[in-house]
Amino acid sequence: DGQVRWLETRCLLARDEAGRPLRIDGLSVDITERRRLADEVTRMAAQRERDRVTTELVATVSHELRTPIASLLGFSELLLEPDASDEERASWTAVVHSEASRLAALVDDILDVSRIDAGRMTLALQLVDARDLANAVLLPFEARQDGARFQRDFPAEPAMLSVDPSKLTRVLTNLVSNALKYSPAGGRVQLSIRTTAEHVSF
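Residues numbered from 1 in each chain as written. Predicted model: local features only at pLDDT ≥ 70, side-chain atom pairs only at ≥ 80, totals over all residues. Heavy atoms only, no water.

Tell me what's going on with helix 4 (residues 165-181), and back it up with residues and numbers.
An ideal rise of 1.5 Å per residue puts 24 Å on 17 residues; helix 4 measures up with 24 Å between its terminal C-alpha atoms. Those residues of helix 4 that sit buried are Pro165, Lys167, Leu168, Arg170, Leu172, Val176 and Leu180. Residues of helix 4 that are buried in the fold lie against helix 2 (86-117), strand 3 (126-129), helix 3 (130-144), strand 4 (150-153), strand 5 (160-163) and strand 6 (189-192). (Helix = DSSP H or I, 4+ residues; strand = E, 2+ residues; numbered from the N terminus. Expected span 1.5 Å × (residues − 1). Buried < 20%, exposed > 50% of the residue type's maximum accessible area, 1.4 Å probe, protein only. Contact = heavy atoms within 4.5 Å.)

A description of the side chain of Arg131 should follow, citing residues and the corresponding values.
Of note, Arg131 is situated in helix 3. We classify Arg131 as buried; its relative accessible area is 19%. There is a polar contact of 2.7 Å between the side chain of Arg131 and the backbone oxygen of Ala156. (Polar contact = N/O pair within 3.5 Å; in protein donor to acceptor, adjacent residues only side chain to side chain.)

Which residues make up the packing of aromatic side chains, and what are the values?
Summed over the entire model, instances satisfying the criterion amount to one aromatic pair. Plain terms: the ring middles of Phe141 and Phe150 are 6.4 Å apart, the flat faces sit at 40° to each other, and that makes the pair tilted. Given the relative accessible area of 6%, Phe141 is considered buried. Residue classification places Phe150 among the buried residues on the basis of a relative accessible area of 7%. The ring of Trp6 carries Arg35 above its face, with NZ or CZ at 3.8 Å from the centroid. (Phe/Tyr/Trp six-rings, centres within 6.5 Å; stacked < 30°, edge-to-face > 60°. Lys NZ or Arg CZ within 6 Å of the ring centre and 35° of its normal.)

Before we move on, could you go through the pattern of salt bridges and cite the residues and values that matter?
Taken as a whole, this structure holds 14 salt bridges when the rule is applied. The salt bridge involving Arg36 is made with Glu33; its shortest N-O contact spans 2.6 Å. Pair noted here: Arg36 and Glu33 are both in helix 1 (residues 32-79), with a separation of three residues, about one helical turn. What makes Glu33 partly exposed here is its relative accessible area of 45%. Two residues, Arg131 and Asp129, come together in a salt bridge whose shortest N-O distance is 2.8 Å. Judged by relative accessible area, Asp129 falls into the buried class, the value being 9%. (Salt bridge = Lys/Arg side-chain N within 4 Å of Asp/Glu carboxyl O.)

Help me get a handle on helix 2, residues and values and all.
With 32 residues, helix 2 extends 47 Å between its outermost C-alpha atoms, agreeing within 8% with the 46 Å of an ideal straight helix rising 1.5 Å per residue. Buried residues of helix 2: Trp92, Ser98, Glu99, Leu103, Leu106 and Asp112, and no others. Where helix 2 is buried, its residues meet helix 1, helix 3 and helix 4. Trailing helix 2 by a residue or two, Gly119 shows a phi angle of about 70°, which is positive.

Can you lay out a nonpolar patch on the surface for me, pointing to particular residues and giving the numbers?
A contiguous nonpolar surface patch, about 390 Å² in accessible area, is contributed by Ile116, Met121, Leu123 and Leu125. Among the structural elements, Ile116 can be located in helix 2. (Patch = residues over 30% accessible without salt bridge, like charges linked within 9 Å, V, L, I, M, F, W, Y side chains within 5 Å. Areas by Shrake-Rupley, 256 points an atom, 1.4 Å probe, with all protein chains shown as cover.)

Describe in detail the layout of surface pockets, supporting the description with residues and values.
In this structure, the largest pocket occupies an estimated 1,000 Å³ of space. For the largest pocket, the lining is made up of 31 residues, of which Arg102, Phe141, Thr173, Asn174 and Ser177 are closest to its centre. Looking at the lining of the largest pocket, the elements with two or more residues in it are helix 1, helix 2, helix 3 and helix 4. Here the element with the most residues in the lining of the largest pocket is helix 2; it accounts for 11 residues. The residue makeup of the lining of the largest pocket, split by class, is 11 nonpolar, 12 polar and eight charged. Approximately 250 Å³ is the volume attributed to the second largest pocket. Lining of the second largest pocket is provided by Arg50, Val53, Thr54, Leu57, Val58, Ile110, Val113, Ser114, Ile116 and Asp117. (1 Å grid on protein atoms, 1.4 Å probe; cavity = no way out; pocket = protein on both sides within 12 Å on 5 of 7 lines; lining within 4 Å. Points joined across faces, edges and corners; volume = space filled by probe spheres on them. Nonpolar A, V, L, I, M, F, W, Y, C, P; charged D, E, K, R; others polar.)

Below you can see the structure in the form of structure tokens.
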């Protein structure tokens, strides 16, 4: 009738006195329903794992959101102080801009997870020099941190690759941020670029 059925077959080869095969005796059982139940259990387990990851993501994002929001509130309150100097206002404005950018990146991460889950993730591919992209990632960190902490190990020749610059920038920004966060105070952070005929690695 065109339906697919799953069968489990157990069989035994019967031989004559000389050891020659005579026949196969066996039994086949329709396990279609058992297979369907097993697939359903697998699906439910995958759904539970997705739910767990989502819960962890929400907890992590909630934690990560608190820091830039607190900074935005704190420094915006300072900007409202009437006796602040121009230098202080400029410094605080730079922090507000940096934290707002960080907040926007976090929101983009959340949206990307939603798009991936829905199968609607798209990439805006461009041909870029990996060195230019890496420099753009390091510059904001160098402006906020001790610039001497950062070292570049880039090839002399252009390292061209086809990527979505905004998404790769966010990946590298996360890596550099983690390197700073989990390195000893004053520790060096080195960003290296390696190229082969087919790959560019950071």
